[in-house]
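Per-entry structural report
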Amino acid sequence: MSERLQAPRGTSDVLPADWPARRVVEETARRILEAAGYRRIETPVFEATELFARGVGESTDIVQKEMYTFEDMGGRSVTLRPEGTAPVCRAYLEHGMQTLAQPVKLWYLSSFFRQEKPQAGRYRQFWQIGAEAIGSDDPAVDAELVLLLHTILAEVGVRGVRLRLGSLGSPEGRLVYRGLLQDHLRAHEAELSGEVRARIDLNPLRAFDSDHPGTQRVMQSAPRLLDHLSPDDAEHFAAVRAMLDAAGVPYEVDPSLVRGMDYYTRTVFETTSDALGAQSGVGGGGRYDGLIEMLGGPPTPGNGWAAGIERILLAAEGLPAPVPVVDLFVASAKDDGREGAFALATEARRAGLAVQQELAGRSLKGQLKQADRLGARYVAILGDEGISLKDMESGEQEVVGSSSAAVARALKGRHPG
Ligand code: HAM
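These figures come from a predicted structure and were not determined experimentally.

Describing the domain arrangement of the protein chain
For the protein chain, the domain assignment lists domain 1 (16-170 + 230-315) and domain 2 (328-411). The gap between the C-alpha centroids of domain 1 and domain 2 is 50 Å.

Structure representation (structure tokens):
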């Protein structure tokens, strides 16, 4: 016998039993986002590697060590999308969406790929619900996006949600701060992790993200970006906060909030759940006012977030698991009744009923047992004397005629209206 194959490490099958809860999450997100004017987009699963190198940033963990990158047969470097923001911005440019009324509001429900070390809540293929609003730098865009993420997580019942909010300022404003931070890091170089030390020039802000104890101590006394925002950036952040306050969205300001992509500017946010372990991030996002330009477009502001479906499912409670409905099971008591049963099932489906039929050659007794297992409300049994209808709740059975129309009439009579 050949060796039994398994799914790759860090991936998992979404089995039929997983779908009811998943569908509730997906449907809730779709309803809330579309009601707010977001329209669905789906981009290709793979893109030119350069899109992520430029968009997400050469110095990020994602680009340096997590991407599934390969050469296609034409010798082009392509990458399985590790995230959705850079692809959506590419699509915005490619389809000339800057000519539409701004901001263009898009949402997606797609799978993404990162070669991370698998653990609970962290996979190599995972799904995100995401929203992006491109083309306006109005702080109301930021507040609306945060509110939508908050509403979706609340509606699906994610437990112990915490929302942290910060601002990274604009790149120009950040330069001054970067210098201050680099001075601080250099003054404490010996106490830092090797990784942070190597990134002092390239990406000093990532030091806030480190779980290295020495680095964490150094960062406690580091200058805070929030205290060094330019007047414009500070005003933008205050406006976002005022709107969230007015909408009653609870949040904490986190001056050390950094995110894993280089494209962020100004507002950034992250939601975590106490119900999750080490991988507690449920969703996150922020403004990316320079991204479209980095991709070769005109200066265009943007903002968005993404939330992991697997993590939402782990952190949500009481997601209903609706049982599939079977209105009618079509059985046959005759050996030569198969075509008649098939025709009856087909007509009942055309009439809009949820119908199942015998597909494994069972005896009549076996067919009734199967109908019971499926939770069928009625069973239509084709016999020599016509079609009888059995009510699976009361156990009553009566001959209703010999045509599908007679069955339809009988069913209608039982469910008036
Ligand atoms: P991100 O923080 O990398 O942001 O991912 C967003 C969410 O995706 C995380 O909070 C988490 O729930 C889920 N996630 C990320 N990696 C994994 C993984 N390996 N396994 C399971 N779930 C995971 C972004 O992706 C940005 N594109 C968000 C954004 C949109 N920013 C602006 N617009």
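Quick notes on the side chain of S136
With respect to the helices and strands, the residue S136 is situated in the loop between β6 (125-134) and α5 (139-155). Within the structure, S136 has its side chain in polar contact with the backbone nitrogen of D138 (distance 3.1 Å). Excluding anything up to four places from it in sequence, S136 contacts P103, V141, R287 and P301.

Some remarks on helix α13 (residues 364-373)
When α13 is considered as a whole, its buried residues turn out to be G366, Q367, Q370 and A371. In a view along the axis of α13, the buried residues occupy a sector of 140°, so they form one face of it. Turned more than 90 degrees away from the buried face of α13 sit K365, K369 and D372, all of them exposed.

Some details on the site of the ligand
Every one of the 27 residues lining the ligand counts as a neighbour, but E83, E116, E132, Y264 and V282 are closest to it. Within the side chain of T85, one N or O atom sits 2.9 Å away from a nitrogen atom of the ligand. For the ligand, an oxygen atom lies 3.0 Å from a polar atom in the side chain of R259. Compared with its free state, where it exposes 650 Å², the ligand has 95% of that area covered by protein. Of all the secondary-structure elements, those providing two or more residues to the shell around the ligand are β6, β10 (281-287) and β11 (302-308). Tallying contributions element by element places β10 first for the shell around the ligand, with six residues.

What counts and how
Residues numbered from 1 in each chain as written. Predicted model: local features only at pLDDT ≥ 70, side-chain atom pairs only at ≥ 80, totals over all residues. Heavy atoms only, no water. Domains from an automatic or database assignment. Helix = DSSP H or I, 4+ residues; strand = E, 2+ residues; numbered from the N terminus. Polar contact = N/O pair within 3.5 Å; in protein donor to acceptor, adjacent residues only side chain to side chain. Contact = heavy atoms within 4.5 Å. Buried < 20%, exposed > 50% of the residue type's maximum accessible area, 1.4 Å probe, protein only. Arc of directions from axis to C-beta. Near = heavy atom within 4 Å. Areas by Shrake-Rupley, 256 points an atom, 1.4 Å probe, with all protein chains shown as cover.

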